[in-house]
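# Structural overview
Here is how the chains run, residue by residue.
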Amino acid sequence: MFRLKKFAKVCTVNERHTGPVQTGPFGRFKEDLLMKKITRRSFLAAAGVSAAALALTACGGSSNSAASTSTAVSSTAASAAGDATAAANDPKVTLVYAEVNPLDTIVGQTATHFKEKVEELTGGSVVIDVQASGVLGSENDVLDAILGGSTSIDMSRISAFALTSYGCNKSKLLSIPFTFENRAHFWNFANSDLAPEFLNEPQELGLPVRGVFYGEEGFRHFFTVNPVSGIDDFKGLKLRVSNDPVMNGLVEGLGANPTVVSFGELYSALQTGVVDGAEQPIANYKSNAFPEVANNLILDGHTLGAVQAVITDNAWGKLTENQQAAIMEAGADTQAFNADLSETAENKVLDELKSSGCNVVDVPDKAPWQEACQKVISENTSDQAELYQQLLDMKA
């Protein structure tokens, strides 16, 4: 059954769209969002951050096991000098964890695992309150709030490149089209000595958040209202973007028109013809019921959906050293859980989509897609060419 239509708010790619402020039990979050929301540009100006001042360091190697405990997380955990097993006697703390997708998605299940592991390790002294399905707002809403000083949200699962707009240029490299050839390639990076350099970038810039662990939700693919058979069918289409410069460039390279729509309004935008298509990992595509209004999925796999969990400095400061150690240990365990889960869950969902009548189009030759993306790849990697080459060299 189709959902009730609602008009989607649409912006050009030169306008900023933050989406609706959520109401409900989190009224304090709404107030914080309205009073403290800041733009990415004004945050950088106020902080005096210059991404160009960052020095690049060399890669320290990688692990061949996707499911092994992450070197990145273990390295960061070393800064938490406490004993996770001793956290049970510490003061009780509740941390609110924001997740824009439903709990049955890969990232939703990852959040649930992290919650359970933290509460197990701390003996219940730290409770993770997972607020899923975007009830606290879009990813951009949440980031604007916590970087603007809100204390209503303590943790969030974000796209690995979401902090790019706040000066985290290293993270941008994770979103460059066709960087990772396969999942093993990504996990070689995530489990390497190079990963902490990316996870810790917000702290280096003075942003009030720190990375806890990496994960991924599968490769991202385009889906459309009307059938498409190949790259040529994308010319002139209006494709939803979140106003990320890399994504805008990718869409333009395909000859399509990037159109900014809030994720929470994407369903109705597809239903009413505001946009002709969008892109998401397979599990998110199904869980958000997008096949109801855009039942054509083309497996171009333009970007791996790399994600990370972050915790605010305010929340980190509320924890004892023992609880901090437990958070990082749970993060390492959750990173390994996500690596095991993602591919299996994605394949299962893809089979379900095919069985339900979704028009799934394979892309055996991705060379034309890669060629169409050369401009956006070059424009967004030339200033970090050496670091980007390190990522490419980690292929399995």
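The coordinates are above.
Calculation rules
Residues numbered from 1 in each chain as written. Predicted model: local features only at pLDDT ≥ 70, side-chain atom pairs only at ≥ 80, totals over all residues. Heavy atoms only, no water. 1 Å grid on protein atoms, 1.4 Å probe; cavity = no way out; pocket = protein on both sides within 12 Å on 5 of 7 lines; lining within 4 Å. Points joined across faces, edges and corners; volume = space filled by probe spheres on them. Helix = DSSP H or I, 4+ residues; strand = E, 2+ residues; numbered from the N terminus. Nonpolar A, V, L, I, M, F, W, Y, C, P; charged D, E, K, R; others polar. Axes fitted to C-alpha atoms, helices over the stretch in contact; angles between N-to-C directions. Parallel < 35°, antiparallel > 145°, perpendicular 65-115°, else oblique. Left-handed = near helix turned anticlockwise from the far one by under 90°. Contact = heavy atoms within 4.5 Å. Core = buried A, V, L, I, M, F, W, Y, C linked by side-chain atoms within 4.5 Å. Buried < 20%, exposed > 50% of the residue type's maximum accessible area, 1.4 Å probe, protein only. Arc of directions from axis to C-beta. Salt bridge = Lys/Arg side-chain N within 4 Å of Asp/Glu carboxyl O.

Once that is clear, we can look at empty space enclosed by the protein. According to the stated counting rule, one finds two cavities of 30 Å³ or more in the structure shown. By volume, the largest cavity is sized at about 60 Å³. For the lining of the largest cavity, the elements supplying multiple residues, two or more each, are helix H5 (139–147) and strand E4 (155–159). Class assignment for the residues of the lining of the largest cavity results in four nonpolar, four polar and three charged. Considering only enclosed or pocket space, the second largest cavity measures out at about 30 Å³ in volume. Among the elements that take part in the lining of the second largest cavity, strand E9 (residues 296–312) stands out by supplying four residues, more than any other. Residue composition of the lining of the second largest cavity, grouped by class: five nonpolar, four polar and no charged.

For the rest of this paragraph, the subject is the packing of helix H4 (residues 106–121) against helix H14 (residues 321–355). H14 packs onto H4 with a crossing angle of 150 degrees between their chain directions and a minimal axis gap of 9 Å. The angle between H4 and H14 places the two elements in the roughly antiparallel class. Along this stretch, H4 crosses H14, giving a crossing that reads as right-handed. Residue composition of the contact of H4 with H14, grouped by class: ten nonpolar, seven polar and four charged.

This brings us to the packing of helix H7 (residues 183–190) against H14. At a minimum axis separation of 12 Å, H7 and H14 run at an interaxial angle of 170 degrees. Taken together, the axis directions place H7 and H14 in an arrangement best described as roughly antiparallel. Here Arg-183, Trp-187 and Ala-190 of H7 come into contact with H14, specifically with Gln-335, Asn-338, Ala-339, Ser-342, Glu-343 and Glu-346. In terms of residue class, the contact of H7 with H14 is built from three nonpolar, three polar and three charged.

This part covers the nonpolar core. Counting residues in each nonpolar core, the largest one holds 44 residues, and the members touching the most others are Phe-186, Phe-189, Tyr-214, Phe-222, Phe-234 and Trp-369. Where this core is concerned, the elements lending two or more residues are H7, helix H8 (195–199), strand E5 (209–224), strand E6 (238–241), helix H10 (245–253), E9, helix H16 (374–381) and helix H17 (385–392). Once residues within four sequence positions are removed from consideration, Trp-369 is found in contact with Phe-178, Phe-222, Gly-230, Ile-231, Phe-234, Leu-254, Ile-298, Asp-300 and Val-363. Phe-223, Ala-269, Ile-282 and Val-349 belong to the second largest nonpolar core, which has 26 residues in total.

Every buried residue of H16 is accounted for by Val-376, Ile-377, Asn-380 and Thr-381. Relative to the axis of H16, the buried residues are bounded by an arc of 110 degrees and lie together on one face. Buried residues along H16 sit against helix H6 (169–172), H10 and H17.

This part takes up the side chain of Glu-139. Its place among the elements puts Glu-139 in helix H5. Setting aside anything within four residues of it in sequence, one finds Glu-139 in contact with Arg-157, Ile-158, Ser-159 and Ala-162.

Time to look at unusual backbone geometry. Even without being glycine, Phe-178 reaches a positive phi, approximately 60 degrees. Topologically, Phe-178 is positioned in the loop between H6 and H7. Not every positive phi belongs to a glycine, and Ala-289 is a case in point at roughly 60 degrees.

Right, let's talk about the pattern of salt bridges for a bit. Once their charged atoms are close, side chains differing in charge can pair, the charge on each being opposite to the other. With the rule as written, the count across this model stands at 16 salt bridges. Among the ionic pairs, Glu-346 bridges to Arg-183, the shortest N-O distance being 3.1 Å. Here Arg-183 lies in helix H7 and Glu-346 lies in helix H14, a separation of 163 residues in the sequence. With relative accessibility at 7%, the residue Glu-346 sits in the buried group. Between Asp-232 and Lys-235 there is a salt bridge, with the nearest N and O atoms lying 3.6 Å from each other. Relative accessible area serves as the criterion here: at 56%, Asp-232 is assigned to the exposed category.

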